[in-house]
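Architecture and fold: a report
Each chain, written out:
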Amino acid sequence: MADSTPASRIPATLIAGDGIGPEIMEATLRVLEALQAPFDWDPQIAGLGGVKAAGDPLPQATLDSIRRTRLALKGPLETPSGGGYRSSNVRLREAFHLYANMRPAKTMIPGGRFDNIDLLVFRENVEGLYMGYEHYIPIDDDPHAVAMSTGVNTRQGARHILDYAFTTAIALGRKKMTVVHKANIMKALTGIFLETAYQLHQQKYADRIALDDVIVDACCMKLVINPWQFDCLVTTNLFGDILSDLCAGLVGGLGMAPGANIGQDAAIFEAVHGSAPDIAGKGIANPVALMLAAGMMLDHVGLKDKGERLRRAIERSLNADGVRTGDLGGKADTRTFAAAVVARLGDS
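This is a predicted model, so every value here is computed, not measured.

How each quantity is defined
Residues numbered from 1 in each chain as written. Predicted model: local features only at pLDDT ≥ 70, side-chain atom pairs only at ≥ 80, totals over all residues. Heavy atoms only, no water. Salt bridge = Lys/Arg side-chain N within 4 Å of Asp/Glu carboxyl O. Helix = DSSP H or I, 4+ residues; strand = E, 2+ residues; numbered from the N terminus. Buried < 20%, exposed > 50% of the residue type's maximum accessible area, 1.4 Å probe, protein only. Contact = heavy atoms within 4.5 Å. Polar contact = N/O pair within 3.5 Å; in protein donor to acceptor, adjacent residues only side chain to side chain. Core = buried A, V, L, I, M, F, W, Y, C linked by side-chain atoms within 4.5 Å. Pairing = 2+ DSSP bridges. Right-handed = clockwise from strand over helix to strand, strands pointing away. 1 Å grid on protein atoms, 1.4 Å probe; cavity = no way out; pocket = protein on both sides within 12 Å on 5 of 7 lines; lining within 4 Å. Points joined across faces, edges and corners; volume = space filled by probe spheres on them. Nonpolar A, V, L, I, M, F, W, Y, C, P; charged D, E, K, R; others polar. Axes fitted to C-alpha atoms, helices over the stretch in contact; angles between N-to-C directions.

A word on the pattern of salt bridges. When their charged atoms lie close together, side chains carrying opposite charge are able to pair. A complete count under the given rule lists 20 salt bridges for this structure. When the shortest N-O distance is used, the salt bridge between R68 and D42 registers 3.3 Å. Placement of the pair is R68 in helix α3 (residues 60-69) and D42 in strand β2 (residues 39-44), with a sequence separation of 26 residues. Exposure remark for R68: the relative accessible area of 53% places this residue in the exposed category. Two residues, D56 and R91, come together in a salt bridge whose shortest N-O distance is 3.3 Å.

Given below as structure tokens:
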């Protein structure tokens, strides 16, 4: 199948990541090579790998590479819980103003607890409570007596993600957008997001897509009772992080969950799961999420035919061929699954 866009070479930054990252990245690069994806890779490091090699979880060379290419494919990066260094993912979003995070959740293996799921979660990516603007206040001999976190949402920040969500959903033929919020309690912090959504919808999108809203806790309940009532969700940063993982659970887990981080200065595509250090090096990790992220990257650069071929090859490997990793109830290892996808690409 020929692509509609000529395949000129495309510079892109490659961050294999920590833990299982190198294994799933190797598998993904193998299928991209079979697909003849025209990326010229610049390998870089971040996360724990950056700390070990350069003393920085986000080395300057990595930042410089992304500034040059404006495009990256990234594996999972390790972030310590509690203490330690600040999340490299959060720093990347700040550095390149990656204000929009899109995470699709679509059923690829039929017959599960939930079937025929096709959801899009749009998450504001650079504001809110998730950004880690926090500190402790010491009292007496307790240096952590009081913990404080500051959340900031702006009208302009809300407009950025909402415009992206509306225009992308409409371009994909979606019918309804649901704003997820907590404006009944966090009246200012999430109220500004809800208010801006309705204003923007009325000004620009009312004749092209429906809009409603739901409180975040009710949304969680509704998603596990009847997820088919939703089409697209758009929400603030912390809520988006939680809801997108919940939606991933509807389609088989985080091993099936890709993500796109889109901004004014760059676009970074990733598997949204963690680095899974407990299985690192065993060769059993599921590479589907990173492969799907690579498919989103192909769509982004105008190679949608290749993106569709990749998604079809993954789906046929999982279903027609029955090749699945352990988290999906199969026995295939990472390389075996990659080989199955490569074989299917050869058939397309």
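The subject of this paragraph is the side chain of T235. One can find T235 in strand β10 (residues 232-235). You can call T235 buried: its relative accessible area is 0%. Apart from the residues within four sequence positions on either side, T235 is in contact with F122, R123, E124, V180, F193, G240 and L243.

Secondary-structure assignment places R208 in the loop between α6 (191-205) and β9 (210-215). Spatially, the C-alpha atom of R208 lies 7.9 Å from that of K175, the residues being 33 residues apart in sequence. From its side chain, R208 meets the backbone oxygen of K204 in a polar contact 2.9 Å long.

L73, F122, M177, F269 and I314 are the most contacted members of the largest nonpolar core, which has 88 residues in total. With ten residues, helix α9 (residues 288-300) is the largest single contributor of residues to this core. Those residues in contact with F269, other than ones at most four positions away along the chain, are L71, A72, L73, K74, G259, A260, I262, A293, M296, M297 and H300. Residues L58, A72, L92 and F96 belong to the second largest nonpolar core, which totals twelve residues.

This brings us to the pairing of β9. In this sheet, β9 lies alongside strand β8 (residues 176-181) in parallel orientation, the contact comprising six bridges. Considered in β9, the bridge of V179 is made with D213. Between the parallel pair β8 and β9, the chain is carried across by α6, and the sense of this crossover is right-handed.

All told, the structure shown has two cavities of 30 Å³ or more when counted by the stated rule. Considering only enclosed or pocket space, the largest cavity measures out at about 70 Å³ in volume. Around the largest cavity sit G128, L129, N153, M186, L189, T190, T236, N237, L238 and F239, which together line it. For the lining of the largest cavity, the residue count by class is five nonpolar, five polar and no charged. Considered as a void within the structure, the second largest cavity measures approximately 30 Å³ in volume.

For the rest of this paragraph, the subject is the sheet that holds β9. Sheet strands pair via backbone hydrogen bonds, and the direction of the pair is either parallel or antiparallel. Reading across the sheet, the ten strands line up as β2-β1-β3-β12-β11-β4-β5-β10-β8-β9 and stay open at both edges, with mixed pairing between neighbours. Edge strands, defined here as strands with exactly one partner in the open sheet, are β2 and β9. When strand polarity is set aside, the average angle formed by the axes of neighbouring strands in this sheet is 25 degrees. Packed on one face of the sheet, helix α1 (residues 21-34) meets β1 (10-15), β2 and β3 (71-74) and runs near 125 degrees to β3.

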